[in-house]
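# Close look at the chain arrangement
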Amino acid sequence: MILHFYFARKFITTLIAVFAVFLTILLLLDLVDQIRRFDIGAITFPQALGLAALNAPSNMYGMLPLTVLMATLMLFLGLARTSELVVTRAMGRSALRSLFAPVLAAAGAGVLTITVLNPLVAATSKHYETLSSRYKRGTESVLSISREGLWLRQGDEEGQMVIRAARANLDGTVLHDVTFLALGPQSGPAFRIEAEKAELTRGAWTLTNAKRWALSDPDANPERDATRHALLSLPSDLTPERIRNSFGTPSAIPIWELPAFIDSLERAGFSARNHRVWFQMELALPLVYVAMVMIAAGFTMRHTRLGRTGVMVMLALGLGLGLYFLRNFAQVLGENGQIPAELAAWSPPVVGILLSLGLLLHLEDG
């Protein structure tokens, strides 16, 4: 156990060091990019540094598997250079037993990434967008999502409602020149409402200067029977968080909120395929870390006196990058519906683990 703890501690220390170096580089690069994005005098240096600090975790998050790969390479190259691996093998420990502690530490790092770093990245990304918009426009002003305006949809057991607005505030809770079209589950359009403004309050839209047309009766005259309301309330299950999340990517939603958000999207009639794929990709992240550790170990758990260390390191980097791009390619296939979300998320790390395990058994214990 002492040897396992020693290897695990060295792996964690190396991983933290590599993570810090990459994060610092990304922070400096993003700082320069933030200064270039804004006009001269629009933001101060501390404000640019704050934006870079908020954006750096999001940029770093996608590089974490490669960070684990680099940390493992540095770990085993250092152990081989100091002959610690040779001593370990002389004690009768196989390569797989020596790899147990780093693999377990990598899996733990993956769990920590999902449970702690994922919500942190989602929060910093949202705050970055808010501050960036404020600095650029001077205020959190009205925005337009497309040429046709902003489109939303909500739904429940009684049917669905399509919402279109010409413009909205930053979080989509105040809509202007808005139209509500209610659709029954079987009967088609139920009613239509046009309002000057709609504000999302607790569980309802509060409409100002609204006009309502009843569309459920085919024999009635909707225009003749239309009613006008100075104030009108419509029930809604939308929240500011759900509206903000629907504007962005699945990565902007903390993993703890993803299952409920996926259910609400499907209940409203939207496709949640991208969110399902992202959710499965996040759950499979510990296995991705384990695959990266085993790939790097398969090429570097050898004494440096055997030579060809540079070639082995390049092969490990090439195979690790190949797994990284294979995972991204599988994610694209899953988002396009070509393969199931579970297969897109779990097959690349499983393939990487099996291939690296065969390599280890052949080179080290064969």
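Since we're looking at a predicted model, the values are computed, not measured.

## Observations regarding unusual backbone geometry
At aspartate 177, a position not held by glycine, the phi torsion is positive, near 50°. Here aspartate 177 lies in strand β3 (residues 174-184). Since its relative accessible area comes to 38%, aspartate 177 is described here as partly exposed. You will see that asparagine 209, though not glycine, has its phi angle at about 50°, which is positive. Position of asparagine 209 relative to the elements: it lies in strand β5 (residues 204-214).

## Focus: the confidence of the model for the chain
Per-residue pLDDT for the chain has a mean of 82; in total, 87% of the residues score no lower than 70. Here helix α7 (residues 240-247) stands out as the least confident element of the chain, with mean pLDDT 65; β5 is the most confident, with 91. Every residue in residues 138-144 is under pLDDT 50, and counting partners more than four places away or in other chains gives 16 contacts.

## Details of the packing of aromatic side chains
Within the structure shown, the criterion is met by three aromatic pairs. Their ring planes at 45° and their centres at 5.9 Å tell us that tyrosine 6 and phenylalanine 7 sit as a pair that is tilted. With a relative accessible area of 4%, phenylalanine 7 lands in the buried category. Centroid distance tyrosine 324 to phenylalanine 325: 5.7 Å. Interplanar angle 75°. Geometry classified as edge-to-face. Taking the ring centre of tryptophan 213 as reference, the NZ or CZ of arginine 192 above it sits at 5.6 Å. It is arginine 212 that lies over the ring of phenylalanine 191; its NZ or CZ is 4.3 Å from the centre.

## Examining the nonpolar core
In this structure, Phe11, Val68, Phe76, Leu99, Tyr289 and Met301 are the most contacted members of the largest nonpolar core, which totals 55 residues. By residue number, the principal contributor to this core is helix α10 (residues 285-300), which donates twelve residues. Beyond its immediate chain neighbours, meaning those up to four positions away, leucine 99 contacts Phe76, Val293, Met294, Ala297, Met301 and Leu360. Judged by nonpolar contacts, the second largest core, of 22 residues, contains Leu150, Val178, Ala210 and Leu234.

## Some words on the environment of arginine 273
Topologically, arginine 273 is positioned in helix α9 (residues 273-283). Judged by its relative accessible area of 39%, arginine 273 is partly exposed. Remark: the alpha-carbon pair of arginine 273 and asparagine 336, spanning 63 residues in sequence, is separated by 8.2 Å. Leaving out residues up to four positions away in the same chain, arginine 273 has contacts with Gly334, Glu335, Asn336 and Gly337.

## A look at a nonpolar patch on the surface
A surface patch of nonpolar side chains, amounting to about 280 Å² of accessible area, comprises Val21, Ile25 and Leu29. On the secondary structure map, isoleucine 25 appears in helix α1 (residues 2-37). Given a relative accessible area of 43%, isoleucine 25 falls into the partly exposed group.

## Brief notes about the pairing of β5
Of the strand pairs in this sheet, strand β4 (residues 188-201) and β5 are connected by ten bridges, and their pairing is antiparallel. Each bridged residue has a counterpart across the sheet, and for isoleucine 193 the counterpart in β5 is arginine 212. Counting the residues between successive antiparallel strands, the hairpin from β4 to β5 contains two residues, one of them, glycine 203, with a positive phi of roughly 75°. With eight bridges connecting them, β5 and strand β6 (residues 227-235) associate as antiparallel partners. Bridged to alanine 204 within β6 is proline 235.

The rules we used
Residues numbered from 1 in each chain as written. Predicted model: local features only at pLDDT ≥ 70, side-chain atom pairs only at ≥ 80, totals over all residues. Heavy atoms only, no water. Helix = DSSP H or I, 4+ residues; strand = E, 2+ residues; numbered from the N terminus. Buried < 20%, exposed > 50% of the residue type's maximum accessible area, 1.4 Å probe, protein only. pLDDT = per-residue confidence, 0-100. Contact = heavy atoms within 4.5 Å. Phe/Tyr/Trp six-rings, centres within 6.5 Å; stacked < 30°, edge-to-face > 60°. Lys NZ or Arg CZ within 6 Å of the ring centre and 35° of its normal. Core = buried A, V, L, I, M, F, W, Y, C linked by side-chain atoms within 4.5 Å. Patch = residues over 30% accessible without salt bridge, like charges linked within 9 Å, V, L, I, M, F, W, Y side chains within 5 Å. Areas by Shrake-Rupley, 256 points an atom, 1.4 Å probe, with all protein chains shown as cover. Salt bridge = Lys/Arg side-chain N within 4 Å of Asp/Glu carboxyl O. Pairing = 2+ DSSP bridges.

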